[in-house]
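Below, each chain spelled out in residue letters.
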Amino acid sequence: MIWYKLYFTFIGLYFSVVQLSYFLLLQLNVSSTYITYMVVVIAWMIGIIVGLWWTKLSTLAASVLSGVAYYLVFLLVSVSPLSMWTLFFASFGVLISGIWAGHFFVAYFSKMQQADILFFHENNGFLLGILFTIFGFSMHGNNFLLWGPLYCAILLISTQVIMKTYVPQE
Amino acid sequence: MNERINFFWFSNYLALVSKTHCILVLVGISLSILQFILIRDFVAILYGEEITIAIVSAAFFVGISIGYLISRKLSQLNFERLFIGSLFLHLTFPFSYRYLAAWISQLPYSGILLIFWLLLFACLFTAVFAIFLPRLVHGKIESKQQNKSKEVQEFRLKLFYTLELVGFILGFFIIISSWNKSLDYLLPIYWFLLLILLLLVTRNYKISAVFFIIACVAISFLTQTDKLSTAALYKYKHKYKLKVEVLHSVNSAYQKIEVIKVGKFAKFLYLNGLRNLDSRKLEYLNYYIAKLPAIILEPKKVLIIGNGTLSSVERIQLFSDKIVSVELDQGVLDAGILHYVDIKKLRNIKKWTLFVEDGKYYLANTKEKYDLIIMDVPAPLTIQVAYLHSVEFYKLVKKRLTANGVLSVQIAGKIRANNAMPAQIVKTLSQVFPKILVITSQRAGRSFAYSSKKMPFTINEIKNTVSHFESEQLKIILPNKIKNFVSKARIISKDNMNIILRYGWYRLKSRYFK
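Note that the coordinates shown come from a computational prediction; the quantities given were computed from them, not determined experimentally.

## Regarding the overall build of chain A
- Check the secondary structure of chain A and you find six helices and zero strands.
- Helices and strands in chain A line up, N terminus first, as α-α-α-α-α-α.
- Rg of the C-alpha trace for chain A: 16 Å, near the compact-globule value of 15 Å for 170 residues, within the 12% margin.
- Dimensions of chain A along its principal axes, counting C-alpha atoms only, are 50 × 35 × 25 Å.

## A closer look at the packing of aromatic side chains
Residues and elements named next belong to chain B.
- Applying the stated criterion across every chain, the model contains 58 aromatic pairs over all chains.
- Centre to centre, the rings of Phe393 and Tyr394 are 6.4 Å apart; their planes meet at 65°, and the pair counts as edge-to-face.
- Among the residues examined, Phe393 registers a relative accessible area of 0% and is labelled buried.
- By relative accessible area, which is 0% here, Tyr394 ends up buried.
- In this structure, Lys237 is placed above the aromatic ring of Tyr47, and the distance from its NZ or CZ to the ring centre is 3.9 Å.

## With respect to the sheet that holds strand 3 (residues 266–271) of chain B
Residues and elements named next belong to chain B.
- Spatially, four strands are ordered 1-2-3-4 in an open sheet, and the strand pairing comes out antiparallel. Each having just a single partner strand, strand 1 (244–251) and strand 4 (274–278) make up the two edges of the open sheet. Strand after strand, the sheet turns through a mean of 25° between neighbouring axes, direction not considered.
- Here strand 3 runs beside strand 4; their pairing, made up of four bridges, is antiparallel. Within strand 4, the position partnered with Phe268 by the bridge is Asp278.
- The sheet contacts of helix 10 (residues 222–237) involve strand 1, strand 2 (256–262) and strand 3, and relative to strand 1 the element is tilted by about 115°.

## Considerations on helix 4 (residues 85–112) of chain A
- Between the first and last C-alpha of helix 4 of chain A there are 42 Å, a value that for 28 residues agrees with the 40 Å anticipated at 1.5 Å per step.
- Among the 28 residues in helix 4 of chain A, 20 count as buried, and that is most of the element.

## Looking at helix 18 (residues 420–430) of chain B
Residues and elements named next belong to chain B.
- For helix 18, a buried count of nine out of 11 residues is recorded, marking the element as mostly surrounded by other parts of the structure.
- All of the buried residues along helix 18 are Met421, Pro422, Ala423, Gln424, Ile425, Val426, Lys427, Thr428 and Leu429.
- Packed against the buried residues of helix 18 are helix 17 (391–399), strand 9 (401–410), strand 10 (435–441), strand 11 (446–452), helix 20 (482–486) and helix 21 (498–512).

## What about the sheet that holds strand 10 of chain B?
Residues and elements named next belong to chain B.
- Ordered by their spatial adjacency, eight strands build an open sheet running 7-6-5-8-9-11-10-12, and the pairing between neighbours is mixed. This sheet does not close on itself; its edge strands, each paired only once, are strand 7 (352–356) and strand 12 (475–477). The sheet shows a mean angle of 15° between the axes of neighbouring strands, direction not considered.
- Relative to strand 7, strand 6 (residues 322–327) runs parallel, the two sharing five bridges. Within strand 7, the position partnered with Ile323 by the bridge is Trp352.
- On the sheet, helix 11 (residues 279–297) packs against strand 8 (370–376), strand 9, strand 10 and strand 11 and is oriented at approximately 175° with respect to strand 8.

## Digging into the pattern of salt bridges
Residues and elements named next belong to chain B.
- Scanning the model with the defined rule gives 11 salt bridges over all chains in all.
- Here Arg98 and Asp41 are joined by a salt bridge, their closest N and O atoms 3.0 Å apart. In this pair, Arg98 sits in helix 4 (residues 95–104) while Asp41 sits in helix 1 (residues 2–46), placing the two residues 57 residues apart along the sequence.
- For Glu283, the salt bridge identified is with Arg315, shortest N-O distance 2.8 Å.

## Describing the interface of chain B and chain A
- At the interface, 54 residues of chain B touch 48 residues of chain A.
- When the two sides are added together, the surface that chain B and chain A hide from each other amounts to roughly 4700 Å², 74% of it contributed by carbon and sulfur.
- At the surface where chain B touches chain A, the tally comes to one salt bridge.
- With its nearest N and O atoms 3.2 Å apart, the salt bridge here joins Asp116 of chain A to Arg72 of chain B.
- Listing elements by their share of the side of chain B that touches chain A, those giving two or more residues are helix 2 (50–71), helix 6 (132–137), helix 7 (150–178), helix 15 (359–365), helix 16 (383–387) and helix 21 of chain B.
- No other element matches helix 7 of chain B, which puts 16 residues into the side of chain B that touches chain A.

How each quantity is defined
- Residues numbered from 1 in each chain as written.
- Chains lettered and ligands numbered in written order.
- Predicted model: local features only at pLDDT ≥ 70, side-chain atom pairs only at ≥ 80, totals over all residues.
- Heavy atoms only, no water.
- Helix = DSSP H or I, 4+ residues; strand = E, 2+ residues; numbered from the N terminus.
- Rg over C-alpha atoms; globule rule 2.2 N^0.38 Å.
- Phe/Tyr/Trp six-rings, centres within 6.5 Å; stacked < 30°, edge-to-face > 60°.
- Buried < 20%, exposed > 50% of the residue type's maximum accessible area, 1.4 Å probe, protein only.
- Lys NZ or Arg CZ within 6 Å of the ring centre and 35° of its normal.
- Pairing = 2+ DSSP bridges.
- Axes fitted to C-alpha atoms, helices over the stretch in contact; angles between N-to-C directions.
- Contact = heavy atoms within 4.5 Å.
- Expected span 1.5 Å × (residues − 1).
- Salt bridge = Lys/Arg side-chain N within 4 Å of Asp/Glu carboxyl O.
- Buried area = accessible area lost by both parts, 1.4 Å probe.

This is the structure in structure tokens:
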């Protein structure tokens, strides 16, 4: 159980880092107006809703899509900075990344059957992610936006591997 | 008979389902509005550096975590008690937490107590909304209709979480409608939504009626309580000895904007609780940042980035042919128009154009070149503003300057050798511009940097121009001496914004944990 809790925390951390990184990425490379904030929040939430209902999507596909979408948006705004049209494509990227956040709850609820535990640990991770991103970005700026989500994804995959290898009964 | 029973069961089920749906949508809307009100107000109370924003946001999520943690452990009776109690406490918005914060700030160890205060309020107000989702998924609230089968619970999770998120998005649009308005617009809407929620959850008409009556009374005094509690906060937490009056208090799309009158004459502009402008020093600030370079350069085209109060426009109109102002925040512009400038005079300046736009976006997308660019933005205490002091931003500015063009920047304090903020800003400027001249004015209470590809102006030009305004107290640092002041200072760039953390932490520590 402890590994699951840890995993849920890390997944919350990942979602938080990706969502906030999107926000900072677009704020610095597209525009600081409220439209950027709106796009990130609303697209992420729509992504969660899509993820909740897209039952045929596998966890692996959802997670890969999430990461790939983020780095494609990173590439897009780096190649064409301060262009408003990139925000349109970025909103799709945010939405796709958000799908995993919705899919995760359904996938693990069917295993755990405890919504409170699921939400509690994911939310704790999200909280840590806020602090981690603010501190990480302040210290490393753009490098954090490049590597932060990747490190969190590696942390997640490592936890998953450990869970599968050493605690298969959980 | 069977059909009648089935129909009865179905209509009951439908009624139950629609009620649950409404509850979850309302919970989503409430969480959205609550998050906005609490984070904005708490950040303004604790002063809005990035580090404070992070701490306040974290406290909000702690409240949500606590809600999830206790969601299934509470009995229905205790849940309803907690819910009713919390909702009634919401009627004490915004004065309860403001007065408490003002009182705490007078006590010894106020730093620790304020952190406790922050967590307490975040838990009291936020946790209760987080309780709903897990309880409803597991059928705890509607105990008669409990269905513990795996499929039903999974379906509930999908549907209920979707509804809460839809509510959150709807709440977002209500918030948008409240931008640049005071709390007496948003709070009545919020209380009305809480009333419906109270009615749906408890089905207790008496309690709901009491809530309605108290809400009506609170609404009728809301404008006064909002202003009085803000005034108390400024008097005791900001430690003003003279009479404090709140002239303006709104939430814009970006920050809380307040104009505070202290004593008979001083008008301060506060952004997220941080003092941005002192009306007594406005004349000096505008002189050095705008009028002085405009007098010497006589620029054809001037671009002003920031300066939301628009107070520098009038000062330079005689010396230039075209003036463009770019300000991100409509709320700051409104505050400026109401309290700092004469809008009739401004409207008569035909050579002046205003864009409500992000400065960096404007610079990247305009084809115009300017003889003078004035950067009147706050100190780099948040990521958004720090970028406006970064190497990358100054490079953008340089591209939009004519060959003899000058960038004028107020550097958030008086420059001293390698001091935290001013020296870092000047060091960053030195990475982009070959020539920088810094003036420190005692009257303005800060230094100003003038950067250019060539020497911006001669020392004699400055002395001759300034002699009528302020001569004895002026300190001028010439480009060849700048190195002595910034040799150990760090550069602000997209890859290094640790000024936000270092300075934010320093301010937080000195303010609350002496």
